[in-house]
Every structure is written in structure tokens, then in C-alpha cells.
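# Tertiary structure, described
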Amino acid sequence: MVVLCVDLNMIVPAAFVADAVIAHAGTGVRSFDVVIVTEDGAMTEHEAAWLARHGIQHRITDFSALRTIFGGSGRLTTATLVKLALPDIFSESDGRILYLDSDLTIHGDVAGLFTLDLKGMPLAACRRGVVFHSDGQQKIAEAHFRDLGMSRPFRYFNSGVMLIDLPRWRAAQLTTRTLDFIARNPDLCLLPDEDGLNAVLDGKFAPLSPIWNMVPRRHPAMRVHDRHTPAIIHYSGHDKPWKRFGRDKPLFPDMQAYRLYQAFLRRSPWPHWLAAQWHAGDLLAAMASAITQAPGRLRGKAYSATAYAEKFDAFVATHAFADVEQGVTVSHAGRLNPRS
């Protein structure tokens with residue numbers, strides 16, 4: 001089962017991701033359901049009917065019990081914590097859930113992930129904090145991992161793409177333990193669900209190769225995309241695929257993701273949604289960012305695409321990944337590709 005948990009403002013991105021997952025599943029009988037989880041009233045009957053016609057299920061649940069965890073910080077929406085409650089929301093299931101964030105673009109069939117042997121682990125995910133732009137950035141990240149109580153060598157994962165084994169998750173009581181850690185350590189949990197899970201698991205997860213949660217084709221990661229074929233691209237932070245301009249977004253970005261949204265929205269119940277996602281202030285923010293970065297690049301002090309690619313390839317060459325070992329991802333001459 002592929003699941004996205006979203007609040008009112010993220011229905012369209014969730015529908016976009018869900019539709020893309022189905023489109024890349026091939027023409028045969030699909031081996032998994034695709035479900036969007038929301039609170040009641042998050043979408044109209046017309047929108048829900050459109051999703052159903054396109055093979056996307058909709059489950060309604062109550063997010064209110066999770067709101068107090070944030071303590072009113074407003075850093076992230078409550079929907080970011082709903083992923084922790086999935087084993088309870090889908091209490092009738094003893095299978096697996098592939099949880100996906102809604103700020104993704106899908107470029108490969110995810111069905112193979114459900115066949116993975118997780119070697120007794122409750123989930124599989126991709127490492128985060130692997131390639132750093134500077135020694136200072138690495139020190140900050142490692143200090144954060146230590147503060148979370150993690151042990152060396154730090155194995156911190158990104159929670160935006162997680163293959164969850166429901167029986168093992170429940171046996172480890174991960175929902176209760178993670179929510180308890182977040183509630184006791186709100187200042188440590190800058191990304192509540194992700195920091196909480198990593199603190200509790202401390203590296204005990206099955207590693208996926210980075211093509212299942214790839215950074216966007218932006219500087220300095222552009223050469224990585226020339227060598228490895230992403231199955232899923234994750235636009236974390238402010239650089240969202242549905243925004244034409246914005247903070248932390250290149251002034252002249254690769255438009256692939258934006259065009260994918262344009263194609264999807266033309267046949268959706270939300271044909272005018274994309275134009276409303278950015279404004280003149282976003283354009284000014286992108287211009288200001290480009291001006292700020294220009295001097296460093298001209299002086300050759302910006303982190304280079306070559307250095308980034310070398311660190312990325314070194315990580316791939318020296319680490320084992322469950323999907324590569326089991327043939328879901330093909331590794332040839334150091335290049336990773338999802339098996340077609």
C-alpha cells in the first residue's frame with residue numbers, strides 16, 4: 001500500500017504524486033493500493049470522485065490528537081506526524097506501507113520495494129546527512145545527531161520515503177516511543193517525525209540506495225543526475241516542484257518537475273492551481289538569492305558539482321543497500337538505475 005498523509009493545502013501535490021505512482025506502475029495488475037489520508041472536509045466530493053476514478057483511494061482520519069505534540073510551534077503541519085500513526089490508521093492491515101511525502105516527483109515503478117527482505121528491520125529508508133557542502137555543515141549535523149542520542153557511525157535517514165513493515169513497527173512500539181520522544185524533546189526535534197524516529201531507532205533500519213530519495217537536479221548535485229537515474233526526487237526545503245520561483249530556488253531552474261505539474265493539472269479538478277503557487281515576491285527572492293551567490297561562484301569558492309559528485313559516488317561505492325543487493329536497483333560500473 002502506498003500512502004500519503006496531507007492536510008488541506010497539500011491535496012493537489014498528494015494527488016500529483018499518487019497519480020504518478022500509478023502511471024509508473026506499468027500496464028499489468030497493480031500489486032498495491034494508493035491511498036491519500038486526510039482529515040474530514042479536506043476535499044470536495046467532486047475531487048474525491050476524480051481520485052477514485054483514477055485509482056486513488058481516500059481515507060479520512062482525525063489529526064487532532066497529534067496537534068498538541070507541536071506545542072504551537074508552527075514549524076510543520078500536523079500531517080507530518082500522521083505518518084507515525086499509520087499502523088493504527090490501517091489497523092486492519094498486517095502488510096507493508098510505502099509512505100511518501102507530497103513534495104516528490106516519481107520517475108520509476110515502486111512495486112519492487114515491497115518485495116525487499118528488510119532483515120528484521122521495521123522500515124527501509126534512504127540515508128540523510130551523507131554528502132556535506134563543508135566541514136562546518138558536517139560538524140553542525142553531527143552535533144545534532146549526538147544531541148538526539150544517536151551513536152557513531154551516525155546512520156540518519158530521511159523520513160520522506162519509508163517502506164514500513166507494519167507488524168515489526170507495532171512490535172517495536174515505534175509510534176508510542178517516537179511521539180513520546182518528540183513530546184519530551186521539542187527543541188531537539190527540528191523535523192519532529194524524522195528526528196524522533198531517528199533518535200528512537202539509532203540506525204536500525206534497512207538502507208535504500210539514494211535513487212529512491214534523490215536530491216533535485218540543482219547545483220551542486222547536477223552531475224549526480226548525469227550518472228545515476230532517480231526513481232524518486234525529493235524537493236525538501238523551500239525548493240518545491242510546483243513553484244516557478246522562490247526562496248532557495250535557482251532563477252533559471254530545470255523545468256522538468258514544473259512541466260510535469262502542468263501536464264497533470266490540465267486533466268485534473270485543479271486546472272488553475274499552479275499559477276496561484278507563486279507571486280512577485282517569490283521572483284524577487286530568487287533574484288536576491290542569485291545575486292548573493294554570484295560573487296562566491298565567480299571567485300570559485302562555491303561548492304563544486306564535481307566535488308559533490310565525487311562524495312556521492314564514494315558513498316555509493318562503500319555502502320551496502322538492500323535494494324541493490326536484492327536486485328530491485330541495478331548497479332553497473334557504479335551507476336544506479338531502478339530495474340525496469
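Note: the structure precedes this text.
Before going into details, it helps to say that this report is about the structure given with it. (Residues numbered from 1 in each chain as written. Predicted model: local features only at pLDDT ≥ 70, side-chain atom pairs only at ≥ 80, totals over all residues. Heavy atoms only, no water.)

### Some thoughts on the overall build of the protein chain
Using the following cut-off: Think of it this way: any DSSP run of H or I at least four residues long counts as a helix, any run of E at least two long counts as a strand, and we number them from the N terminus. The globule rule is 2.2 Å times the number of residues to the power 0.38, and the radius of gyration it is compared with is taken over C-alpha atoms. Partly exposed describes any residue whose relative accessible area lies between the buried limit of under 20% and the exposed limit of over 50%, with all areas from a 1.4 Å probe on protein chains only and scaled to the type maximum. When checking whether two residues touch, look at their non-hydrogen atoms; a contact exists if any pair is within 4.5 Å. Note that His is not counted, nor are the chain ends; the positive residues are Lys and Arg, and the negative ones are Asp and Glu. The atom standing in for a charge is NZ when the residue is Lys, CZ when it is Arg, CG when it is Asp and CD when it is Glu.
If you tally the helices and strands in the protein chain, you get 14 helices and eleven strands. Taking 20 Å as the expected radius of gyration for a compact globule of 340 residues, we find that the protein chain reaches 20 Å, a close match to that expectation. In terms of overall dimensions, the protein chain has a C-alpha envelope of 60 × 45 × 45 Å along the principal axes. Expressed as a percentage of its 340 residues, the buried residues of the protein chain come to 51%. Sequence separation of 24 or more characterises 71% of the internal contacts of the protein chain that already satisfy a separation of 6 or more. Here the protein chain holds 37 positive side-chain charges and 34 negative ones, and the gap between their average locations is 7 Å.

### Some remarks on the packing of helix α1 (residues 11–23) against helix α11 (residues 256–266)
Rule in force here: A fitted line through C-alpha atoms represents every axis, and for helices the fit uses only the stretch in contact; the resulting angles, taken between N-to-C directions, go from 0 to 180 degrees. Small angles under 35 degrees read as roughly parallel and large ones over 145 as roughly antiparallel, with 65 to 115 read as roughly perpendicular and the rest as oblique. Residue polarity is assigned by list, with Asp, Glu, Lys and Arg as charged and Ala, Val, Leu, Ile, Met, Phe, Trp, Tyr, Cys and Pro as nonpolar; anything else, Gly included, falls into the polar class.
Between α1 and α11, the least distance of the axes is 11 Å, while the angle of their chain directions is 95°. Compared by their axis directions, α1 and α11 come out roughly perpendicular. For the pair α1 and α11, the contacting residues are Val12, Pro13, Ala15, Phe16 and Asp19 in the first and Leu260, Tyr261, Phe264 and Leu265 in the second. When its residues are assigned to classes, the contact of α1 with α11 shows eight nonpolar, no polar and one charged.

### Regarding the sheet that holds strand β6 (residues 123–128)
Note the cut-off: DSSP bridges decide pairing: two strands pair if at least two such bridges lie between them.
On the basis of which strands lie adjacent, the open sheet formed by seven strands has the order β3-β2-β1-β4-β7-β6-β8 and mixed pairing. Among the strands making up the open sheet, the edge pair consists of β3 (56–60) and β8 (206–208). Taken over all neighbouring pairs, the strand axes of this sheet differ in orientation by 35° on average, direction set aside. The pairing of β6 with β8 spans three bridges and is classified as parallel. Of the residues in β8, the one forming a bridge with Ala124 is Ala206.

### Focus on the side chain of Asn213
For clarity, the cut-off: Between N or O atoms, a polar contact is any pair within 3.5 Å; within protein, one atom must be a potential hydrogen donor and the other a potential acceptor, and residues adjacent in sequence are included only when both atoms are from side chains.
Note that Asn213 resides in the loop between β8 and α10 (222–227). By relative accessible area, which is 12% here, Asn213 ends up buried. At 3.0 Å, the side chain of Asn213 forms a polar contact with the side chain of His234. If near-sequence neighbours (up to four positions away) are discounted, Asn213 is found in contact with Cys126, Asn158, Gly160, Val161, Ile232 and His234.

### With respect to the packing of aromatic side chains
To describe a pair of aromatic rings, you give the distance between the ring centres and the angle between the ring planes. To keep it simple, the criterion reads: Two aromatic rings from Phe, Tyr or Trp, using only the six-membered ring of Trp, form a pair when their centres are within 6.5 Å; if the ring planes differ by under 30 degrees the pair is stacked, by over 60 it is edge-to-face, and anything between is tilted.
The full count for this structure, using the stated rule, is 13 aromatic pairs. For the ring pair Phe145 and Tyr156, a centre distance of 4.8 Å and an interplane angle of 20° mean the geometry is stacked. Of this pair, Phe145 sits in helix α6 (residues 135–147) while Tyr156 sits in strand β7 (residues 156–165), and the two are eleven residues apart along the sequence. With a centroid separation of 5.5 Å and an interplanar angle of 65°, the aromatic rings of Phe315 and Phe321 are classed as edge-to-face. For Phe315, a relative accessible area of 9% corresponds to the buried category. Ring-pair connections join several aromatic residues into one group, and the members of that group are Phe16, Trp50, Trp242, Tyr261, Phe264, Trp270 and Trp273.

### A few points about the environment of Gln57
Within the secondary structure, Gln57 sits in strand β3. Put simply, Gln57 and Ala18 are 39 residues apart on the chain and 9.5 Å apart in space, counted from C-alpha to C-alpha. Apart from the residues within four sequence positions on either side, Gln57 is in contact with Asp33, Val34, Val35 and Ile36. A distance of 3.5 Å separates a polar atom in the side chain of Gln57 from a polar atom in the side chain of Asp33.

### Topic: the pairing of strand β10 (residues 329–332)
Pairing geometry for β10 and strand β11 (residues 335–338), over four bridges, is antiparallel. Note that in β11 the partner of His332 across the bridge is Arg335. Where β10 folds back onto β11 in an antiparallel hairpin, the turn is made up of two residues, including Ala333, whose phi is positive at roughly 55°.

### Focus on unusual backbone geometry
Each neighbour pair has its own omega, and for Arg152 with Pro153 the value is -10°, a cis peptide bond. Along the polypeptide, Pro153 turns up in the loop between α6 and β7. We note that Ala333 has phi near 55°; this positive angle belongs to a residue other than glycine. Mapped onto the elements of the fold, Ala333 is located in the loop between β10 and β11.

### Describing the nonpolar core
Our working rule: To form a nonpolar core, buried Ala, Val, Leu, Ile, Met, Phe, Trp, Tyr and Cys residues must be joined to one another through side-chain atoms within 4.5 Å.
By size, the foremost hydrophobic cluster in this structure holds 62 residues, and its most contacted members are Val2, Val21, Leu98, Leu100, Val110, Trp212 and Trp270. Per-element accounting of this core gives the leading share, ten residues, to α1. Once you skip the residues sitting within four places of it in the chain, Trp212 turns out to touch Asp109, Val110, Leu113, Cys126, Val161, Ala231, Ile232, Asp323, Val328, Thr329 and Pro338. Ranked by size, the runner-up nonpolar core spans 41 residues in total, among them Met1, Ala141, Phe145 and Trp169.

### Some thoughts on α6
Filter applied, for reference: To estimate the expected span of a helix, count its residues, drop one, and scale the result by 1.5 Å. The reported arc concerns the directions from the helix axis to the C-beta atoms and nothing else.
Compared with the 18 Å implied by 1.5 Å per residue over 13 residues, the 18 Å span of α6 between its first and last C-alpha is a close match. Those residues of α6 that sit buried are Ala141, Glu142, His144 and Phe145. Down the axis of α6, the sector holding all buried residues measures 155°, keeping them to one side. Those residues of α6 that are exposed and aimed more than 90 degrees away from the buried face are Asp135, Lys139 and Ile140. As for α6, its buried residues are in contact with β7 and α9 (192–201).

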